[in-house]
Amino acid sequence: MTDIRVVAPDTLLEHGAALRSVYADAFCAPPWNEDGERADAFVARLGSDVRRPGFTAALAFAGRNLVGFATAWDTPAPFPADRCYPQAAAGLGPGRTEQWLCGARETDELAVRTTARGTGTAAGLLRAVTEDAPDGRAWLLTSVRSPRALAFYRRQGWTQATHPAPGGHGIAVFLGPHHPARNLAAQPL
């Protein structure tokens, strides 16, 4: 049985080595193909991420072992221009980006060990960091290179709001199941 707990930022940082291990297990394999340096960079980035407005994190334990985690925060305005944010903004356009994403709860990372996949752990972690999203406004982005991730978010009731070319290397924005704009999102042809 997996125990999912929302944790305070200082508690999250105490689990740095275990978080790195879960991150590496989840993202070093295809289709993500990230390396140990990216796992190290994730842990280093947490030190500043925990200070973001609205930061929240959840950890999943199987006994004493960390098997998954999720991190989220409230997206600032103006919309950020680093990382993958420009791709999200290009897909939605400036008006929808500001209205739908700024001030909404953004899930940044969701990672589960391969041994815990299919157990409901990822779904529980996602709910834990988004259930108190302001006015139900939760969103995330993920790579279109992972059909498994795309299918997972759809099964959880999330709506894909951008549709990059199939088989491409772009990102897709998803709106949470209670996001007020989810019914306004363009559907694929």
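Scroll up a little and you will see the structure.
A. Broad picture of the overall build of the protein chain. Secondary structure assignment for the protein chain yields 7 helices and 7 strands. The globule rule puts the C-alpha radius of gyration for 189 residues at 16 Å, and the 16 Å found for the protein chain is close to it. Principal-axis analysis of the C-alpha atoms gives the protein chain an extent of 45 × 35 × 30 Å. Here the protein chain holds 189 residues, and the buried ones make up 49% of them. Taking all contacts inside the protein chain whose residues are at least 6 apart in sequence as the whole, residues at least 24 apart take part in 68%. Accessible surface, the protein chain: about 9400 Å² in total, of which carbon and sulfur atoms supply 53%. If the 19 positive side-chain charges of the protein chain are averaged to one point and the 18 negative ones to another, these points end up 6 Å apart.

B. Looking closely at helix H5 (residues 94-101). Listing the buried residues of H5 in full gives Thr97, Trp100 and Leu101. Seen from one end, H5 has its buried residues packed into an arc of 90°, which puts them on one side. In H5, the exposed positions that point more than 90 degrees away from the buried face belong to Pro94, Glu98 and Gln99. Here the buried face of H5 lies against helix H4 (85-92), strand S5 (138-143) and strand S7 (171-175). Directly after H5, the chain includes Gly103, whose backbone phi takes a positive value near 85°.

C. Broad picture of the nonpolar core. Judged by nonpolar contacts, the single largest core of 61 residues is most densely connected at Leu12, Tyr153, Val173 and Leu175. For Leu175, the contacting residues outside a window of four places in its chain are Trp100, Leu101, Ala138, Trp139, Trp158, Thr159, Ala161, Ala181, Arg182 and Ala185.

D. Region of interest: the state of the cysteines. Under the counting rule described, the total for this entry stands at 0 disulfides. With no disulfide of its own, Cys28 lies 17 Å from the sulfur of Cys84, the closest cysteine sulfur. The closest cysteine sulfur to the non-disulfide-bonded Cys102 is located on Cys84, 16 Å from its own sulfur. Using a relative accessible area of 10% as the deciding quantity, one classes Cys102 as buried.

E. Quick look at the packing of aromatic side chains. Counted by the stated rule, this structure contains 11 aromatic pairs. Centre to centre, the rings of Tyr153 and Phe174 are 5.7 Å apart; their planes meet at 50°, and the pair counts as tilted. On the criterion of sequence distance, the pair formed by Tyr153 in helix H7 (residues 147-155) and Phe174 in strand S7 is long-range, its members being 21 residues apart. Each member of the pair Tyr153 and Phe174 is classed as buried. Taken together through their ring pairs, the aromatic side chains of Tyr23, Phe27, Trp32, Phe42 and Phe69 make up a single cluster.

F. Up close: unusual backbone geometry. Pro31 follows Pro30 through a cis peptide bond whose omega is 5°. Relative to the helices and strands, Pro31 is located in the loop between helix H2 (16-27) and helix H3 (36-49). Across the junction of Ala77 and Pro78, the peptide omega takes the value 0°, indicating a cis bond. Non-glycine residue Asn33 carries a positive phi angle of around 55°. The residue Asn33 is located in the loop between H2 and H3 in this model. Notably, Arg83 is not glycine yet its phi reads approximately 50°, a positive angle. In this structure, Arg83 sits in the loop between strand S3 (65-74) and H4. Given the relative accessible area of 42%, Arg83 is considered partly exposed.

G. Focus on H2. For H2, built from 12 residues, the straight-helix expectation of 16 Å at 1.5 Å per residue is met to within 8% by its first-to-last C-alpha distance of 16 Å. Within the sequence span of H2, burial applies to Gly16, Leu19, Val22, Tyr23, Ala24, Ala26 and Phe27. In this structure, the buried side of H2 is in contact with helix H1 (9-13), H3, strand S2 (56-62), S3 and strand S4 (105-112).

The rules behind the values
Residue numbers run consecutively from 1 along every chain, following the written order of its sequence. Only residues with pLDDT of at least 70 are given local features in this predicted model, and only at 80 or more are side-chain atom pairs given and counted; all residues enter the totals for whole chains, interfaces and linings. Calculation of side-chain values draws on the structure's entire complement of heavy atoms; hydrogens and water are dropped beforehand. By the criteria applied, helices consist of DSSP H or I runs no shorter than four residues and strands consist of E runs no shorter than two, each listed in order from the N terminus. Each radius of gyration reported is based on C-alpha atoms, and the globular scaling rule is 2.2 Å times the count of residues to the power 0.38. When accessible area is computed with a 1.4 Å probe and restricted to protein chains, residues below 20% of their type maximum are described as buried, those above 50% as exposed, and intermediate ones as partly exposed. By the convention used here, residues are in contact when the closest approach between their heavy atoms is within 4.5 Å. Here the Shrake-Rupley method, with its probe set to 1.4 Å, supplies the accessible areas, and only the displayed protein chains count as covering residues. Counting rule applied: Lys, Arg positive; Asp, Glu negative; His and chain ends not counted. A charged residue contributes its charge at one atom only: NZ of Lys, CZ of Arg, CG of Asp or CD of Glu. Each direction from the helix axis to a C-beta atom contributes to the arc, which is the arc of those directions. Among buried residues, the Ala, Val, Leu, Ile, Met, Phe, Trp, Tyr and Cys ones that are joined through side-chain atoms within 4.5 Å form a nonpolar core. Note on terminology: disulfide denotes any pair of cysteine sulfur atoms within 2.5 Å. Here is the rule: rings of Phe, Tyr and Trp (six-membered ring for Trp) pair when centre to centre is within 6.5 Å. Planes less than 30 degrees apart are stacked, more than 60 are edge-to-face, and the remainder are tilted. Under the convention used throughout, the expected extent of a helix is 1.5 Å for every residue step, that is, one less than its residue count.

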